[in-house]
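# A look at the structure
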Amino acid sequence: MKKNILFLLAACIIVSCATKTKKPEQRSKFMKGFSTYYNTLFNAKDALNSEFTSRDKGHKDNFYAPYIPILTYEDQPLGSDLGQSAAFAENSMKMAEVNRSSVNNNGRTAPGMPPGMPGSPGMPNDGTIAADPNQPDTKGATPLEIAEAKALKAINKYSVIKNGEEKNKKIFDAYMILVQSRIYQNKSLEALDALNYVFTHMKDDKRLPLAKIYQGVAYAQRQDYHKANETFAKLKSEGMDKNYDKLLSIYNSEALLDAGKKEDAAKELARAFDLNSSRKLKSRIAYLRGQVLSELGKNEEARENFLNAYKYANDFEFEVKSQIEIAKTFNGKGDYNGAKKYLEDISKKGTYGSRKNEFYYALGLMANKAGKKEEAQEFFRKSLLEKVSDPQVRGLTYYEIGKSYLEKNDYIGAGSYYDSALVAMTYEPSKLLLKDQAENIKKISKNYYLIKKNDSILALAKMSDAQRNDYFAKHIEKLKAKEAKEELERKRAERAKGFDTGDYSANSIFASNGGNAFEDFGTTTKGFYFSNTNTVSKGSSSFKQIWGDRALADNWRYSKKMNSLEDLKNEALGVTSAPNPRRYETAYYIEQIPTDAGKLGQLKKDRDTASLGLGIMYQNYFTNTPLATKTLYDLVDNKPEEKVMLQALYEIFAMNYEKNPQAGERAKQILLTDYPYTSYAEFARNPKNSSFVKSSEDVENQYKTAYALFESEKFEESKAIIDQAIQKYPKDALVPKLYLLNAFNAGKSSGKEVMILQLEQIALNYAKTPEGIKAKEMLNYLKSDLSFQATDNKGNAIPQNPGNNNNMPLQPSQNNAPVSPANPSGNFSGQSMNGAPNQQPQQKPVNKNQQQINKPNNTVPAKPK
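The structure presented is a predicted model; accordingly, all values stated were derived computationally and were not measured.

With that settled, consider helix H32 (residues 770-782). Compared with an ideal rise of 1.5 Å per residue, which puts 13 residues at 18 Å, H32 spans 18 Å between its outermost C-alpha atoms and is within 8% of the ideal. Those residues of H32 that fall on the buried side of the exposure criterion are Glu 771, Gly 772, Lys 774, Ala 775, Met 778, Leu 779, Tyr 781 and Leu 782. Packed against the buried residues of H32 are helix H30 (735-750) and helix H31 (752-765).

Before going further, it helps to spend a moment on the packing of H30 against H31. Look at H30 against H31: their axes get within 7 Å of each other, and the N-to-C directions meet at 165 degrees. Between H30 and H31, the interaxial angle falls into the category roughly antiparallel. Crossing hand, H30 versus H31: right-handed. Across from Tyr 739, Leu 740, Asn 742, Ala 743, Phe 744, Ala 746, Gly 747 and Ser 750 in H30, the residues of H31 making contact are Lys 752, Val 754, Met 755, Gln 758, Leu 759 and Ile 762. Classifying every residue of the contact of H30 with H31 by side-chain character gives nine nonpolar, four polar and one charged.

Of note, the phi angle at Gln 223 is positive, near 60 degrees, even though the residue is not glycine. With respect to the helices and strands, Gln 223 occurs in the loop between helix H6 (208-221) and helix H7 (225-238). For Gln 223, a relative accessible area of 43% gives the class partly exposed. Here the phi dihedral of Glu 713 falls at roughly 65 degrees; this positive angle occurs in a residue that is not glycine. Looking at where Glu 713 falls in the secondary structure, it is placed in the loop between helix H28 (697-711) and helix H29 (715-728). We classify Glu 713 as exposed; its relative accessible area is 52%.

As a further point, take the packing of helix H23 (residues 597-622) against helix H25 (residues 642-656). At a closest axis distance of 10 Å, the pairing of H23 and H25 adopts a crossing angle of 15 degrees. Between H23 and H25, the crossing angle belongs to the class labelled roughly parallel. As for the relative orientation of H23 and H25, their crossing is left-handed in sense. Residues Asp 608, Thr 609, Leu 612, Ile 616 and Gln 619 of H23 touch H25, and the partners they reach there are Val 644, Gln 647, Ala 648, Glu 651 and Met 655. Across the contact of H23 with H25, the residue classes tally to five nonpolar, three polar and two charged.

Glancing now at the packing of aromatic side chains. The full count for this structure, using the stated rule, is 30 aromatic pairs. Where Tyr 361 meets Phe 380, the ring centres are 6.1 Å apart and the plane angle is 45 degrees; that geometry is what we call tilted. Taken together, the residues span a long stretch of sequence, with Tyr 361 in helix H14 (residues 356-369) and Phe 380 in helix H15 (residues 373-385) at a distance of 19 residues. Residues Tyr 411 and Tyr 618 carry aromatic rings whose centres are separated by 6.5 Å and whose planes lie at 35 degrees to one another, so their mutual orientation is tilted. Highlighted residues: Tyr 411 in helix H17 (residues 411-424) and Tyr 618 in helix H23, separated in sequence by 207 residues. The class of Tyr 411 is buried, set by a relative accessible area of 2%. An aromatic cluster of three or more residues is present, and its members are Tyr 650, Phe 653, Tyr 657, Tyr 680 and Phe 683.

Attention shifts here to the pattern of salt bridges. Under the defined criterion, the tally for this structure stands at 31 salt bridges. Here Lys 321 makes a salt bridge to Glu 358, at a shortest N to O gap of 2.9 Å. Here Lys 321 is found in helix H12 (residues 316-328), whereas its partner Glu 358 is found in helix H14, with 37 residues between them in sequence. Grouping residues by exposure puts Lys 321 and Glu 358 together as buried. Across the pair Lys 774 and Glu 777 runs a salt bridge, and its minimum N-O distance is 3.5 Å. Separated by three residues within a single helix, Lys 774 and Glu 777 lie in helix H32, roughly one turn from each other. By relative accessible area, Glu 777 is classed as partly exposed at 27%.

The rules we used
Residues numbered from 1 in each chain as written. Predicted model: local features only at pLDDT ≥ 70, side-chain atom pairs only at ≥ 80, totals over all residues. Heavy atoms only, no water. Helix = DSSP H or I, 4+ residues; strand = E, 2+ residues; numbered from the N terminus. Expected span 1.5 Å × (residues − 1). Buried < 20%, exposed > 50% of the residue type's maximum accessible area, 1.4 Å probe, protein only. Contact = heavy atoms within 4.5 Å. Axes fitted to C-alpha atoms, helices over the stretch in contact; angles between N-to-C directions. Parallel < 35°, antiparallel > 145°, perpendicular 65-115°, else oblique. Left-handed = near helix turned anticlockwise from the far one by under 90°. Nonpolar A, V, L, I, M, F, W, Y, C, P; charged D, E, K, R; others polar. Phe/Tyr/Trp six-rings, centres within 6.5 Å; stacked < 30°, edge-to-face > 60°. Salt bridge = Lys/Arg side-chain N within 4 Å of Asp/Glu carboxyl O.

Rendered as structure tokens:
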């Protein structure tokens, strides 16, 4: 019996210990979670972390972009555990920045993606070395691709679904890593797909707000800002853990900023500043909020935020840039001297001394805001003398000096400093804008100095002989005084260098040495010096070490000759820099003045054309309408030829008639009085309207009346009604038709030339309307030299009335003209050359060699429907 009991116990133990395969949902959730993390998910996190580390090493803040990103890669949360990130832990001193790769219209990138970083889409390989396009791509998977693959493997292998719910809590972490890796690869659609699984199978997970935050980030990356803001707003209303709220406030503010909602973004950034306790994070949020408020014109609030950015900054670069922004937002009404003393003192302290050039630049900006232009220029020039710490700041300093020259209309000086700024700047968008401006300045400079030169020559040509002698005598006296001063300065410079005696034997390598006029470089004294390339090379090198680069010119020892701004101006004005032996003779200058009428006329013509171009460039390049208007009125007062005069008057009126009618009134009156039958005068009478309202019944009735009067050949009465209707309803939809009917009235009453002028104006003002198109077609016919042969609908020739050939504009055929509002198309055909209605006289044979032309349809506007 005892044996039987032992046997049964042994059998039970064996059966209970036998291997049995469990279904996935029956496996231990603890063991599944343990295996998930230590087998696969750990590798996914490690790959994602290595990518963040690589990007963080290569990241450098661009303070010259419209906005800085808030988060850095340093402590970016991995997966779902925000607590492991120092940026979102309590009392933290760090923060994080997320990847931003897709740039939007505001110069920013979608939340979560910083630009141009290693491993981001569009970057070569890992962002460190550009791949050779000619070599096959042998690179393996990137860390982000590895993280994505490992996260997918963990999900597929260790997911435990029971009753439609995920029981393995570690799978949520796997999905967050999967979503992050996809967002950083700019695969937002795939990221949203993964999040849908989380919302379906993990509805009760306490970490679900994090998934919704990343959903908003993915929408923002796709530039679907409406859904992104909707997601964030709903999440805010539901409430969540404080750490999640910190992250939400950052992403929400950036999404609002990307959507162009700057006011809302500033409010959300203020909330983010209060929520986050990290000093670094608070500093970056305050700096970004200052940038936003500065763009909104709220300089006082922006200044407070930049002060907070400086207060909380734990980075030296951030401290310096915050000080520069504080100076930029100075309103000119505060304590300028106190702020100036503070910046000057801080620039002398410790490591701040290495950034003196940036502080001097900031002082210059502040002096400009305070209205102290001369003092500002002194600070900018001091900045140029200091060692460069930031090339972009050096370029901006050159730009500020160039801008001061531009304000004084010194285009040579402005262009020179702008060129220097382009060389120094490192921020490409700024360089592109400045490059265009520098090219525009060079164009303006060419015209400006051509005008000055020609004006000077023409003024001298008008002088009497006595006046010329007196003028050049004064010029010679000034020249002598200038050269005497330069000679004195040269002697002082030479004396300071030890060259006052003219005896160079003691300190010159070119002193006489045994009859050899050149230094002995260890070569034989026999033979010609310049035949030995080695001695020439050594001599040239030694010469450059002592004298530098010198031009082959007289008195080469005096000083290193460089092209100064004065030299460039003289070159533009045609003044030679090399002194002429006859420069002290008045006859030398007088004999160079042209006396030929043809040459003087050409000089004036060139001057007037350049002045016209200068005025147009002031408006087009700098939108400086007052200066453009003044330049063109000066041209008008100078009485140019008719073609230039008309263009100048037109430009004055066109740039002023909407915003400043008083400035353009004089030009309008000159056009209407002196050039009444030009297309420019027509434009002055009826400036083009860009928008029309729906046609009113009153205008339709007036159009019908005017058209009836036109058919009755009461052209002046028809014209009066049309003028009254246009003046009363300038934006009515029928205005183009009224103008076209008026052109026919003018053709009948005033002749073909006046009709052509009015048709030209219709074609110019209403080019895209049916009336504008028809006016253009009629102009092509009226201006052509081809004979006209009317045809019927089948193309058969219609004989003309031989007794009438007066080149008058054509009246529409009464058979085809619209006689009631029911015909909106306004199609007309079969017009006769003599202006009479089509009749049916006896048919005559048509010469087959005669050219036949089909006159365009719609020659008269239709009655409104």
